[in-house]
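The chain contents come next:
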Amino acid sequence: MNPIDYAIIHWYNHFALQSRQFDLFMVILLDATLLKGGVVVGVLWCVWFKRSEGITHTHETVIALLAGALLSMVIAKLFNTFVHFRPRPLDNAALAFQLPYGMKPRDLGDWGTFPSDHAAMFFAFATGFFYVTRRLGILVTLFVTFVICVPRMYAGMHYPSDILFGALIAVLSTVATNSARVKAWLSGHVLPWERTSPGLFYATLFLLTYQMATLFIDVRTMSIHVQDLLIKVLHATL
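Throughout this document, residue positions are counted from 1 along each chain, in the order its sequence is written. Totals for whole chains, interfaces and linings use all residues, but because this is a predicted model, local features are given only for residues with pLDDT of at least 70 and pairs of side-chain atoms are given and counted only at 80 or more. Side-chain measures were taken over the full set of non-hydrogen atoms in the model, leaving aside hydrogen atoms and water.

Student: Please explain the packing of helix α4 (residues 55-82) against helix α8 (residues 180-196) as it appears in this structure.
Tutor: Closest axis-to-axis distance for the α4/α8 pair is 9 Å, and the angle between their directions is 100°. The orientation of α4 relative to α8 falls into the category roughly perpendicular. Where α4 approaches α8, its residues His57, His59, Glu60, Thr61, Ile63, Ala64 and Ala67 are matched on the opposing element by Lys183, Leu186, Ser187, Val190 and Leu191. Polar here means any residue outside two lists: the nonpolar Ala, Val, Leu, Ile, Met, Phe, Trp, Tyr, Cys and Pro, and the charged Asp, Glu, Lys and Arg; Gly therefore counts as polar. Of the residues contributing to the contact of α4 with α8, the split by class is 6 nonpolar, 4 polar and 2 charged. Fitted lines through C-alpha atoms give the axes, limited to the stretch in contact for helices. The angle between two N-to-C directions lies from 0 to 180 degrees. Under the DSSP-based scheme used, a helix requires at least four consecutive residues in state H or I and a strand at least two consecutive residues in state E, with every element numbered from the N terminus. Any angle from 65 to 115 degrees is called roughly perpendicular, while one under 35 is roughly parallel, one over 145 is roughly antiparallel, and all others are oblique. Throughout, a contact is declared for two residues whenever any of their heavy atoms are within 4.5 Å.

Structure follows, in structure tokens:
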């Protein structure tokens, strides 16, 4: 762990156990999917259906935003898989981390801490919203920082560098998917589907954004169960 992470963690961790109400509020934010991803995805749907003269441009921007968020998640997962695993702050004995009131130790298996997938996903949304309006981008960035990411550090789920690197991945991914050539390619393949099969298009978009709001927790859980089942089947047949 680098000295900057160490210094920042020790600074904010001394606030833990000072106020039960504040600690419980931060823990609620940590687990309240509706108040985190639900709000960000809700903003995206409002942008999509907002009536304006530049509606086609807005739809192109939303598609590029979603592509950037998915790309950032893939990159973050690759880092999680191949970068050296390190224990989360709440599990790192060297830190003597004080758990806030209401926060219990969690078994997250081999899910890596670096970089933060929450930061990668939701800072991608925030970056994409800058292509809609600067004001919206700023508001969502502040929301993602203080409502989504700060509680994760306060509760010991992530190091500051996890958040910063996740945000960097998000910005680079979303800027890439919003380049003129990539955006034109994406919109050329996706938007005609909305006109020809609106029912299927919006059902798919709803399910996709729902999973993005929850960081694909259902997909992750199912993949673990499928993996365990396949292992048992292989053992039974060998």
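Still to come is the rest of the account.
Student: Just to check I follow, could you spell out the nonpolar core for this structure?
Tutor: Side chains of a nonpolar character, in soluble globular proteins, are inclined to be buried together. Counting 49 residues, the largest nonpolar core has Met121, Phe125, Phe129 and Val144 as its most contacted members. Element by element, the count of residues in this core is highest for helix α5 (residues 117-130), at 8 residues. Not counting residues within four places of it along the chain, the set of residues in contact with Phe129 comprises Val40, Val43, Leu44, Val47, Leu65, Leu136, Gly137 and Val140. Working definition of a nonpolar core: buried Ala, Val, Leu, Ile, Met, Phe, Trp, Tyr and Cys residues. They are joined through side-chain atoms within 4.5 Å. For the exposure calls, accessible area comes from a 1.4 Å probe over protein chains only, and a residue counts as buried if that area is under 20% of its type's maximum, exposed if over 50%, partly exposed in between.

Student: Can you help me understand the environment of Val47 in this one?
Tutor: By the element assignment, Val47 lies in helix α3 (residues 37-49). Sequence separation between Val47 and Phe129 is 82 residues; the distance between their C-alpha atoms is 9.0 Å.

Student: How should a nonpolar patch on the surface be read in this particular structure?
Tutor: Only residues whose relative accessible area exceeds 30% and that take part in no salt bridge are eligible for patches, with like-charged residues grouped when within 9 Å of each other and nonpolar side chains (Val, Leu, Ile, Met, Phe, Trp, Tyr) grouped when within 5 Å. Using the Shrake-Rupley algorithm and a 1.4 Å probe, accessible areas are obtained, with residue cover drawn only from the displayed protein chains. The salt bridge criterion pairs a side-chain nitrogen of Lys or Arg with a carboxyl oxygen of Asp or Glu, the two atoms within 4 Å. Taken together, the side chains of Phe130, Tyr131, Ile138, Leu142, Phe146, Val171 and Val175 make up a nonpolar region of the molecular surface, amounting to roughly 580 Å² of accessible area. Mapped onto the nonpolar patch, the elements with two or more residues apiece are α6 (134-154) and α7 (160-177). With 3 residues, α6 is the largest single contributor of residues to the nonpolar patch. Tracing the sequence through the fold places Leu142 in helix α6. With a relative accessible area of 45%, Leu142 lands in the partly exposed category.

Student: Would you take a moment to explain unusual backbone geometry for this structure?
Tutor: When glycine is set aside, most residues are seen to have a negative phi, and most peptide bonds are trans. At the junction of Phe114 and Pro115, the peptide bond is cis and its omega measures out at -10° in the coordinates. Relative to the elements of secondary structure, Pro115 occurs in the loop between α4 and α5. Non-glycine residue Leu17 carries a positive phi angle of around 70°. Within the secondary structure layout, Leu17 lies in the loop between α1 (3-13) and α2 (20-31). With a phi close to 50°, Ala96 is a non-glycine residue in the positive phi region. Examined against the element boundaries, Ala96 turns out to sit in the loop between α4 and α5.

Student: Any chance you could explain the environment of Arg51 here in plain terms?
Tutor: Its place among the elements puts Arg51 in the loop between α3 and α4. C-alpha separation for the pair Arg51 and Ala7, spaced 44 residues apart in sequence, amounts to 48 Å.

Student: For this particular structure, what's the right way to read α3?
Tutor: Helical geometry: 3.6 residues make up each α-helical turn, so side chains three or four residues apart lie on a common side. Each helix should span, by expectation, one fewer than its residue count multiplied by 1.5 Å. Here α3 is 13 residues long and its end C-alpha atoms lie 19 Å apart, about the 18 Å a rise of 1.5 Å per residue gives. Buried positions along α3 lie against α4, α5, α6, α8 and α9 (198-213).

Student: Would you mind going over the packing of aromatic side chains with me for this structure?
Tutor: The description of an aromatic ring pair uses the distance of the two centres, along with the angle that the planes make with each other. Pairing of aromatic rings covers Phe, Tyr and Trp, the last through its six-membered ring, and needs centres within 6.5 Å; plane angles under 30 degrees mean stacked, over 60 mean edge-to-face, and all others mean tilted. Tallied over the full model, the rule gives 15 aromatic pairs. Measuring from ring centre to ring centre gives 5.7 Å for Phe49 and Tyr202, while their planes differ by 25°; the resulting arrangement is stacked. Taken together, the positions of Phe49 in helix α3 and Tyr202 in helix α9 put the pair 153 residues apart, joining distant regions of the chain. Pairing Phe125 with Phe129 gives two aromatic rings, centres 6.5 Å apart and planes at 50°, and the pair type is tilted. Highlighted residues: Phe125 and Phe129, both in helix α5, separated by 4 residues, approximately one helical turn. Take Phe125: its relative accessible area is 0%, and that puts it in the buried class. Among the aromatic side chains, those forming a connected cluster through ring pairs are Trp45, Trp48, Phe49, Trp193, Phe201 and Tyr202. The side chain of Arg20 reaches across the aromatic face of Tyr101, ending 4.1 Å from its centre. The rule for a charge over a ring is simple: NZ of Lys or CZ of Arg within 6 Å of the ring centre, and within 35 degrees of the ring normal.

Student: I'm lost on the packing of α5 against α7 in this one. Help?
Tutor: Axis angle and axis distance: for two packed helices, these are the angle between their axes and the distance between the axes, and together they describe the pair. The N-to-C vectors of α5 and α7 enclose an angle of 45°; their axes lie 7 Å apart at closest approach. For the element pair α5 / α7, the angle class is oblique. For the crossing formed where α5 meets α7, the hand is right-handed. Where α5 approaches α7, its residues Ala119, Ala120, Phe123, Ala124, Thr127 and Gly128 are matched on the opposing element by Ile163, Gly166, Ala167, Ala170, Val171, Thr174 and Val175. For the contact of α5 with α7, a count of residues per class yields 9 nonpolar, 4 polar and no charged. Take the far helix as the reference: if the near one is turned anticlockwise from it by less than a right angle, the crossing is left-handed, and if turned clockwise, right-handed.

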